[in-house]
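Observations on the three-dimensional arrangement
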Amino acid sequence: LSKPPRLLLWERDTEPYAIARDKAICELAEQCGIEVQTFVGHTLYDTEEALRRNKGKAPSTMPGIVTLVKALGEPPQPLAPPSKVPTLAPVLSGNFDVPTLKDMGYKEQPTQRASRIFPGGESAGSARMAKSLKDAAFIRTFEKPKT
C-alpha cells in the first residue's frame, strides 16, 4: 500500500483469546495513530452491555436470562442491505486467489499420501476400526498421539 491504513474495523469476539488479541491490536493501532472501530455482529445483544446491566455476572438460570433480556429491551433491527457495493480502489486490484498447495511448497497433494496410509472410504475405515477393537492388547496399550 502506498499509504498506511487510517482505520481498522472488525467484529468483536467474546472469547478470551480474542479479547486479549483485540486489546493488543488496539494498543498497537493507537501507537501508530490508527483509528479502531469494533462492532457487535454475531450475537443479538452486546455482551459487554449485558454484563454491565447484570452487575458483571452472566445469568446462570433461565429466569435470570429472561430478566436480563427484558432489561436490555428488543435487539436492534438488522441493517438494510447495501444498494450497491463500491468497486475496489486500483491500489487493491490484483490477484487475490487462494494459493494452491504447490504455491505453498507442498510436493504432492496431502490426499495422495493419506490414501496410501489409510486406503478406502468410510467402509474401509470402519473395517480397520472393527479389527483394532478386537485386539485386546491394542486397546489396553492405546495412547492418544501427543499432538
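Residues numbered from 1 in each chain as written. Predicted model: local features only at pLDDT ≥ 70, side-chain atom pairs only at ≥ 80, totals over all residues. Heavy atoms only, no water.

For the rest of this paragraph, the subject is the packing of aromatic side chains. When we look at a pair of aromatic rings, we describe it by the centre distance and by the angle of the planes. Taken as a whole and judged by the stated rule, the model has 1 aromatic pair. Judged by centre distance (5.6 Å) and plane angle (55 degrees), the ring pair of Phe 138 and Phe 142 falls under tilted. (Phe/Tyr/Trp six-rings, centres within 6.5 Å; stacked < 30°, edge-to-face > 60°.)

Following the sequence through the fold, Glu 11 ends up in strand S1 (residues 7-11). Sequence-wise, Glu 11 and Gly 41 are 30 residues apart; in three dimensions their C-alpha atoms are separated by 6.1 Å. In this structure Glu 11 touches Phe 39, Gly 41 and His 42, once residues within four positions along its chain are discounted. Of the polar contacts made by the side chain of Glu 11, one reaches the backbone nitrogen of His 42; its length is 2.6 Å. (Helix = DSSP H or I, 4+ residues; strand = E, 2+ residues; numbered from the N terminus. Contact = heavy atoms within 4.5 Å. Polar contact = N/O pair within 3.5 Å; in protein donor to acceptor, adjacent residues only side chain to side chain.)

Take the layout of surface pockets next. Size it by volume and the largest pocket reaches roughly 250 Å³. Arg 12, Asp 13, Thr 14, Thr 47 and Glu 48 are the residues nearest the centre of the largest pocket, which is lined by 16 residues in total. Counting only elements with at least two residues in the lining of the largest pocket, the list comes to helix H1 (16-31) and helix H2 (47-53). (1 Å grid on protein atoms, 1.4 Å probe; cavity = no way out; pocket = protein on both sides within 12 Å on 5 of 7 lines; lining within 4 Å. Points joined across faces, edges and corners; volume = space filled by probe spheres on them.)

For the rest of this paragraph, the subject is the pattern of salt bridges. Going through the model one piece at a time under the given rule, you end up with 5 salt bridges. Across the pair Arg 21 and Asp 22 runs a salt bridge whose closest N-O atoms are separated by 2.9 Å. Take Asp 22: its relative accessible area is 9%, and that puts it in the buried class. The shortest N-O distance in the salt bridge between Lys 23 and Glu 27 comes to 3.7 Å. Within this pair, Lys 23 and its partner Glu 27 are both found in helix H1, separated by 4 residues, close to a single helical turn. (Salt bridge = Lys/Arg side-chain N within 4 Å of Asp/Glu carboxyl O. Buried < 20%, exposed > 50% of the residue type's maximum accessible area, 1.4 Å probe, protein only.)

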